[in-house]
Amino acid sequence: QVQLVESGGGLVQPGGSLRLSCVVSGSMFRIYGWGWYRQAPGKERDLVAGITSGGSTDYTDSVKGRFTISRDNAKNTVYLQMNSLKPEDTAVYYCNYYRRGVYASWGQGTQVSVSL
């Protein structure tokens, strides 16, 4: 059973940066793609960025050029570097499988708030 533990969120001003981390339990981390998802109040959870097992990345249009997803297979960890943050990036951020067709049980997520 995969367990997902997200961290690194916080309150930042517009234009600021945060780096999110997601530690994934289990020995199969390296063979799967992983994604970062976010859910704003009253909205559905959407994919923000994904990284395949081979390291190819993809981003939703609104974060292209500002966010960078990466992975460290030795640490079973996927990261999301977020720069030039905007108020509309405010959401709870989660990680989970990317392009697998199924999801693991969602973790608790990490809150990102962008405000003056």
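For the structure, see preceding data.
Bear in mind that the values here come from a model prediction, so they are computed numbers and not experimental data.

A. Structural detail: the overall build of the chain. Within the chain, the regular secondary structure consists of 0 helices and 10 strands. Each helix and strand of the chain, placed in order from N terminus to C terminus, yields the pattern β-β-β-β-β-β-β-β-β-β. A globule of 116 residues ought to have a C-alpha radius of gyration of about 13 Å, and the chain, at 13 Å, matches this closely. In the chain, buried positions account for 43% of the 116 residues. In the chain, 55% of the contacts between residues at least 6 apart in sequence involve partners at least 24 apart. Here the chain contributes 12 positively and 8 negatively charged side chains, and the mean placements of these two sets differ by 6 Å.

B. Quick peek at the nonpolar core. In this structure, Trp 34, Trp 36, Leu 80, Met 82 and Tyr 93 are the most contacted members of the largest nonpolar core, which totals 28 residues. For this core, the secondary-structure elements that each account for two or more residues are β3 (18-24), β4 (33-39), β5 (45-51), β7 (67-72), β8 (77-82), β9 (91-98) and β10 (110-114). When sequence neighbours within four positions are dropped, the list of residues in contact with Tyr 93 reads Glu 6, Leu 20, Trp 36, Tyr 37, Arg 38, Val 48, Phe 67, Leu 80, Met 82, Gly 109, Thr 110 and Val 112.

C. Inspection of the sheet that holds strand β2 (residues 10-12) at higher detail. In space, the 6 strands of this open sheet follow the order β2-β10-β9-β4-β5-β6, with mixed pairing throughout. With one partner strand each, in any of the chains shown, β2 and β6 (57-59) form the two edges of the open sheet. Averaged over neighbouring strand pairs, the angle between their axes works out to 30 degrees when direction is ignored. Sheet analysis places β4 next to β5, joined by 6 bridges and oriented antiparallel. Pairing of Trp 36 across the sheet is with Ala 49, part of β5.

D. Layout of the state of the cysteines. Evaluation of the coordinates by the stated rule reveals 1 disulfide. The disulfide that involves Cys 22 links it to Cys 95, with 1.7 Å between the sulfurs. Here Cys 22, found in strand β3, pairs with Cys 95, found in strand β9; they are 73 residues apart in sequence, far enough to count as distant. Both residues of the pair, Cys 22 and Cys 95, belong to the buried class.

E. Seen up close, the pattern of salt bridges. Under the criterion given, the structure shown has 3 salt bridges. With a closest N to O distance of 3.0 Å, Lys 64 and Asp 61 form a salt bridge. You can call Asp 61 exposed: its relative accessible area is 63%. Members of the salt-bridge network, linked through shared partners, are Arg 38, Arg 66 and Asp 89.

Rules of the game
- Residues numbered from 1 in each chain as written.
- Predicted model: local features only at pLDDT ≥ 70, side-chain atom pairs only at ≥ 80, totals over all residues.
- Heavy atoms only, no water.
- Helix = DSSP H or I, 4+ residues; strand = E, 2+ residues; numbered from the N terminus.
- Rg over C-alpha atoms; globule rule 2.2 N^0.38 Å.
- Buried < 20%, exposed > 50% of the residue type's maximum accessible area, 1.4 Å probe, protein only.
- Contact = heavy atoms within 4.5 Å.
- Lys, Arg positive; Asp, Glu negative; His and termini not counted.
- Charge placed at Lys NZ, Arg CZ, Asp CG, Glu CD.
- Core = buried A, V, L, I, M, F, W, Y, C linked by side-chain atoms within 4.5 Å.
- Pairing = 2+ DSSP bridges.
- Axes fitted to C-alpha atoms, helices over the stretch in contact; angles between N-to-C directions.
- Disulfide = S-S within 2.5 Å.
- Salt bridge = Lys/Arg side-chain N within 4 Å of Asp/Glu carboxyl O.

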